[in-house]
Each structure stands twice: as C-alpha cells, then as structure tokens.
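# Breakdown of the fold
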Amino acid sequence: MKLIKAILRPGKLDEVKRALVDLDIVGMTAFEVRGFGRQKGQVERYRATEFKVDFLPKVMVEVVVDDEKLDAALATIQQAAQTGEIGDGKIFVLPVENAVRIRTGESGTIAV
Amino acid sequence: MISNPRQGGGPSALATFDRFRQGVLAGVQQPQLKRYGVLLLAAGAGLLPLMAGSAHAALQKVPTDGADTLLMLMGSALVLLMTPGLAFFYGGFTRAKNVLNTMMMSFFLMGLIGVVWVVIGYSLSFDTGFGSPFIGGLGQMWLNGVGGPLGDAPLADGFAISGSSFALFQGMFAIITPALISGALVERINFKAWFWFSLLWSIFIYCPMAKMVWGGGYIGPFGELGVIDFAGGTVVHIAAGVAALVSAAIVGPRSTYPDQLRPPHNVPFILLGAGLLWFGWFGFNGASYFAAKGAGFSFMATSVAASMAMLTWCLIEWFRDGKPTAVGAATGAVAGLVGITPAAGFVYMPQAIIIGAVVAVGCYLAVQVKAAIKFDDSLDAFMVHGVGGTIGALLTGLLAVPALVPADYFPKSAEILASSGNLGLFIAHCKAVLISYGFVGLGTAVILWILGATIGLRVSPQDESRGLDYVAHGEEAYDPMNS
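Please read all numbers here as calculations on a predicted model, not as lab measurements.

### Side note on the overall build of chain B
Helix and strand content of chain B: 17 helices and zero strands. Counting over 483 residues, chain B shows a buried share of 60%. In chain B, 78% of the contacts between residues at least 6 apart in sequence involve partners at least 24 apart. Accessible surface computed for chain B: about 17,100 Å², of which carbon and sulfur atoms make up 68%.

### Observations regarding the overall build of chain A
For chain A, the count of helices and strands is two helices and six strands. Listed N to C, the secondary structure of chain A is β-α-β-β-β-β-α-β in terms of helices and strands. A globule of 112 residues ought to have a C-alpha radius of gyration of about 13 Å, yet chain A, at 17 Å, is considerably larger. Within chain A, the proportion of its 112 residues that are buried is 32%. Taking the intrachain contacts of chain A between residues at least 6 apart in sequence as the baseline, contacts between residues at least 24 apart amount to 71%. Accessible surface for chain A amounts to roughly 7,200 Å². Of this, 51% is attributable to carbon and sulfur atoms. Of the side-chain charges in chain A, 17 are positive and 17 negative, and the distance between the mean point of each set is 7 Å.

### Quick word on the nonpolar core
Residues B:Phe89, B:Ile181, B:Trp194, B:Trp201, B:Tyr206, B:Phe284 and B:Ile340 are the most contacted members of the largest nonpolar core, which totals 136 residues. At 15 residues, the largest contribution of residues to this core is made by helix α8 (residues 191-214) of chain B. Apart from residues lying up to four places away in sequence, B:Ile181 is in contact with B:Trp194, B:Phe197, B:Trp201, B:Ala240, B:Ala243, B:Ala244, B:Ser247 and B:Ala381. Ranked by size, the runner-up nonpolar core spans 16 residues in total, among them A:Leu8, A:Ile25, A:Leu70 and A:Ala80.

### Topic: the packing of aromatic side chains
Inspection of the entire model under this criterion finds 29 aromatic pairs over all chains. A connected cluster of aromatic rings, assembled from ring pairs, spans B:Trp117, B:Tyr122, B:Phe126, B:Phe166, B:Phe169, B:Phe173, B:Tyr206, B:Trp214, B:Trp281, B:Phe284 and B:Phe290.

### So, the sheet that holds strand β6 (residues 89-95) of chain A
Residues and elements named next belong to chain A. One open sheet accounts for four strands, arranged β2-β5-β1-β6; its pairing is antiparallel. Bordering the open sheet on either side are β2 (29-35) and β6, each of which pairs with just one other strand. Direction aside, the axes of adjacent strands within the sheet are offset by 25° on average. One ladder, built from seven bridges, connects β2 with strand β5 (residues 56-65); its direction is antiparallel. When the bridges of β5 are listed, Thr 29 appears paired with Glu 62. Lying on the sheet, helix α2 (residues 70-81) is in contact with β1 (2-8), β5 and β6; it crosses β1 at an angle near 5°.

### Notes on the pairing of strand β3 (residues 42-46) of chain A
Residue and element names in this part refer to chain A. Both β3 and strand β4 (residues 49-53) contribute to a ladder of five bridges, which runs antiparallel. Bridge pairing in β4 places Gln 42 opposite Val 53. Joining the antiparallel neighbours β3 and β4 is a turn of two residues, in which Arg 47 adopts a positive phi near 50°.

### Description of the pattern of salt bridges
Per the stated rule, a full pass over the model turns up 16 salt bridges over all chains. The salt bridge partner of A:Arg45 is A:Glu50, with a shortest N-O separation of 3.1 Å. A network of salt bridges, in which partner residues are shared, links B:Glu187, B:Arg188, B:Arg254 and B:Asp376.

### Considerations on the confidence of the model for chain B
Residue-level pLDDT values for chain B average 88, and 87% of them are 70 or greater. Contacts for the low-pLDDT stretch residues 23-57 of chain B, under 50 throughout, to residues beyond four places or in other chains number 89 contacts.

### Focus on the interface of chain A and chain B
If you look at the interface, chain A gives eight residues, while chain B gives 16 residues. Ranking the residues of chain A by area buried against chain B places A:Arg45, A:Tyr46 and A:Arg47 at the top, with a combined share of 67%. Between chain A and chain B we count three residue pairs in polar contact (both at pLDDT 80 or more) in total. Residue composition of the side of chain A that touches chain B, by class: four nonpolar, one polar and three charged.

### Details of helix α10 (residues 267-286) of chain B
For α10(B), which comprises 20 residues, the first-to-last C-alpha distance of 28 Å matches the rise-based estimate of 28 Å (1.5 Å per residue) to within 8%. Along α10(B), the sharpest kink reaches roughly 35°, centred on B:Gly280.

### A few points about a nonpolar patch on the surface
Residues B:Leu311, B:Leu315, B:Trp318 and B:Phe319 make up a contiguous nonpolar surface patch of roughly 490 Å² in combined accessible area. With respect to the helices, strands and loops of the structure, B:Trp318 is situated in helix α11 (residues 296-321).

### Considerations on the side chain of A:Asp88
Residue and element names in this part refer to chain A. Note on placement: Asp 88 falls in the loop between α2 and β6. Judged by relative accessible area, Asp 88 falls into the buried class, the value being 15%. Looking at Asp 88, its side chain comes within polar contact range of the side chain of Arg 9, at 2.7 Å. A distance of 2.6 Å separates a polar atom in the side chain of Asp 88 from a polar atom in the side chain of Thr 83. If we ignore the near neighbours within four places in the chain, the residues touching Asp 88 are Ile 7, Leu 8, Arg 9, Ala 81, Gln 82 and Thr 83.

What counts, and where the lines are drawn
- Residues numbered from 1 in each chain as written.
- Chains lettered and ligands numbered in written order.
- Predicted model: local features only at pLDDT ≥ 70, side-chain atom pairs only at ≥ 80, totals over all residues.
- Heavy atoms only, no water.
- Helix = DSSP H or I, 4+ residues; strand = E, 2+ residues; numbered from the N terminus.
- Buried < 20%, exposed > 50% of the residue type's maximum accessible area, 1.4 Å probe, protein only.
- Contact = heavy atoms within 4.5 Å.
- Areas by Shrake-Rupley, 256 points an atom, 1.4 Å probe, with all protein chains shown as cover.
- Rg over C-alpha atoms; globule rule 2.2 N^0.38 Å.
- Lys, Arg positive; Asp, Glu negative; His and termini not counted.
- Charge placed at Lys NZ, Arg CZ, Asp CG, Glu CD.
- Core = buried A, V, L, I, M, F, W, Y, C linked by side-chain atoms within 4.5 Å.
- Phe/Tyr/Trp six-rings, centres within 6.5 Å; stacked < 30°, edge-to-face > 60°.
- Pairing = 2+ DSSP bridges.
- Axes fitted to C-alpha atoms, helices over the stretch in contact; angles between N-to-C directions.
- Salt bridge = Lys/Arg side-chain N within 4 Å of Asp/Glu carboxyl O.
- pLDDT = per-residue confidence, 0-100.
- Buried area = accessible area lost by both parts, 1.4 Å probe.
- Polar contact = N/O pair within 3.5 Å; in protein donor to acceptor, adjacent residues only side chain to side chain.
- Nonpolar A, V, L, I, M, F, W, Y, C, P; charged D, E, K, R; others polar.
- Expected span 1.5 Å × (residues − 1).
- Bend = angle between axes of the 7 residues up to and from the residue.
- Patch = residues over 30% accessible without salt bridge, like charges linked within 9 Å, V, L, I, M, F, W, Y side chains within 5 Å.

Shown next, in the form of structure tokens:
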C-alpha cells in the first residue's frame, strides 16, 4: 500500500476526486493547507498597506492505494490537477505499513 | 405648530406667528419646505434645552407630535445599531486572536455609556444648571424631569418631539463616539484601561463638547462662534478622531508594527459593518432633522454623500493600483458619511455630492500619509473620522445654504452669513475646529497620563502575542477543533 499526498490548487479538488473515483479509488481525505514553492506568495493591498502573503491556500488530498493501482492514480491526479502554470502543486508517495477499518476490525489492503 | 401645522389650525397667536415666519422666509424658493427645515435644523443642532428658557420670540409652545417623536425613537434604534456595526467594521481588520476584544471595545460601551448617559451624561450635556457655555448641569441627572411625568412632554418650546425621545437619541451618540476611538488602540490596550478611559472621556470630553456645540454653549449658533454642526462633525467625529490620534501617540504602536502586520482577518465583517453603519447613519443624520415631514433631504444628503465617497475612493484605487478594493469601498462610504454629518441638513444635493467627493480624496490621502510615516493609528480612526470630520466641518462653513440657516434658530450663524457670507462662517468653523482639537487633544492626553500612571495602558508583550481575546476575556472567537 502507498500513501499519496497531493498538494493541489483549491479549484482542482473536484476534478481530481472525480478522476480518482472513475479509477475506482473511492476513499480520500482532503485538507485545507497553506504553503508555497516556486510560485512564492502574492501581494495584497488593504487601504494604504501592502501585505506580502507567502503562504497561499492549497488543498492537500491524501489517498491510500494498492501498489498495483499506484501508477494509474499518480498519472490521473497529475493530469487532472495540471494547468501548466507555476503553482499547480506536488505529489508525494509514502509507504504504508498497515490499515485498519474501525467498523469491522479488518486490516491490510482490504481495509483501504 | 410651527413645524407641523396640524389639521384644524391653531390659536390665533400661532397664526400670527405663522404669517411672521412666512414673511421671514419670503425670499426662499420653497417656503413650505424651508419652514419645516428651520425648526428641524435647529433641533438637529441641539439647541433645544437652551431654547426652553430663552427669550427667542420665534419659538412658541407646541404639543408633542407623534410622527416626529416616532422618528426620534426609530432614529435612536438606528443609531444604536451603528455601535455593533462599528464592532464588525473594526473587528474585521484585526487578527483573528484579537477580534472579540476589538468588538467588545465598541459593544461594551452600549452597557457602560448607556448607563452613564442616563445617570449624568445627558444632564452634563443639556442641562443649564451651571449657567456655563462649556458644561451643562446636574438638574437632569437620572433624566429627572425629562419628558414630564409620562415621558410625552415636548422637549422645548418650538419643538414637537418628546423630551424623552431626545434624551434617548442623544444617548446613542454618546455611546458610539468613544467607540470610534478604539480603532486607534486595538490589539494592545488593556481592557481595564479602556473601561476607565471611555468612562472619563465620555464625562469630561464628550459632554462638554456636546454642551458647547449642541447645548446652547460657546461654539454653537447661540454662542460666541455661531458654528452649525448638524449631527456631530465636531462633537462626534473630530472629538473621536483627535482622541484617537493623541491616544495612538501616547499608547504607542503594536509590537508587530510595522514589520509583522497581518492583513485583515475577515473582510466580509468589514463590509457587514460598513453596511450597518450606513443604515444606522440614516438615524444619526437623518433623524437629526427632528421631524418626520422634512427629514427626506437630510436622509438623502447622507446617502448620496456616502455613495459619492465610495465611488471616489474606488475610482482612485482603480486608477492608481489597477483594482478597486472591498476594503476601499467600505472605507470610502464611511468617510463620506463622516464628511456629510455636520452638513446633512444645511445643504442641497449638489453640495452633498461635493462633500462626499472631497472628503473621500482627503481621507484617502491621509491614509496614505499615515502608512508612509508609519504611525500606528491601527484602523485609521483619525485618518477617517478626524480628517473626514474636519473636512466636513470646514466644508459646512463654505457650502451651507443661507436659506437653511434661518436667523430665529441660528441667530449668530445667520448673522455671520448675512454680514460676511460663507467665508465668515468658514472662519468661525476654523476656530471651532481649532478649539475642538485643542480641548479634546489636551483632555485626552491628561486622562491617558493619569490612567498610564495608575493602572497602565498596555498589555504585556507576551499577552499581546498570545492574543487579547483570551487574555482579556478568556474566550476565543474561532476554535475549529471544537466546532
């Protein structure tokens, strides 16, 4: 099992979710997060004061998938979240040791 | 009877008086309207208690009018709503950890000043017991005798509103004026210091200002200067603005200023607050006309000045920065409302539009200057209320329409207008502005020095960093883990 952490533009969440559901990946968790990479921040102006806002709002989606579905999931997320502009986000993949479904106590891949 | 001829006419004495007034107003294009205006404007200038005992032959006893009194009660409710509106307006600008404290600095005064006004504030502002042009008296403490035994007695000769509705209406002004000052002090002042500051400032600064301008005192149309201030350009906005300037200088900047500032935490709050302020300002300015029939113009002037100021502010931003901002629209509207306050019943719509435009430009420039010199008037209380009130007061002198400043209700002002025109009134208004700056500035400094030496003005840097919502009130506005 692998954990996919995808940091996305906030407006891309729905497209990514739909694309993953089409792949039959039906569980995920989304977080409102803030961060910056090469996009850096943005300048906001209130009355006469300018603010350099470094941490821009993003959405992070976490999905745990079977190893055999990993490549398809990564390609799907990458395509669904892409605009081609700086600031599209990043995808990280981490190994997952185990998973437990709380309702039934099942563990391992079946619990995902 | 003077302002509101009722069916069935009146005694012959009143009819005679009415003919006299027609004669006085013969030169006016719309005598009927002006006739209402005369009374209402005088009432708006707060001359009533003085008139009760005055020898002005023009003012006759009239019965209380239901519609006019209802306007005052409705106006009081409108002006009350401005204080929570201001709390939202200010609260939106601060950091999330200080929003409750910021809002409480306004909201709490509905409690504190609401009581102070009834106990002693009204009496100090509008009683004549001390016989002084600078302070009222103690004869109407607890609103003793105000409105007669049933609360329905007319306020004074020549005025058809009840005394009790007038006292309530004025109380709402007394509440919001110190609340305006809080914009200069948010995110660092100790709430205990704020409690005592509001209390002392209200009694020793606000009440004398109200007396001098509206209570028949030194500055107003029956006093030495003959200044006209429709709804509080000097009493409310210059007073609050100058107090904000002085207190921001004495209390000092926030520890995060200017390098670690954060943008406003909730811009929708700012728009909500500005909307409530505009709504409430219909009471503040509009109901200051003191009679229902003729109040249309003061309502209209108030609104159109705010519209023009919002438009002006946004257009300046659009040209300079490429984008009109929501915060700019809200700020511009408030600046326009401030600017038209002293003039609302003394001008027609073209002058109201001019005032809206000029005050928006003036306040916009003031805000730029403040940012450039890095002075921490945190929420621009002086830059909007002080500067806007000053511009409004001066423009009222320049633009007041003589027909709307009749001699029987504004003897000194009308005399100035007749002898030396608007320029003469402008000079009188300059003097009033200087006196207000001096009195309020000095008085505010003294109060703050006393409080600074006794209970201290600021919270500790650690508390400032923790956030005043928790430090001062033990509460947090937003707690996502417990929602």
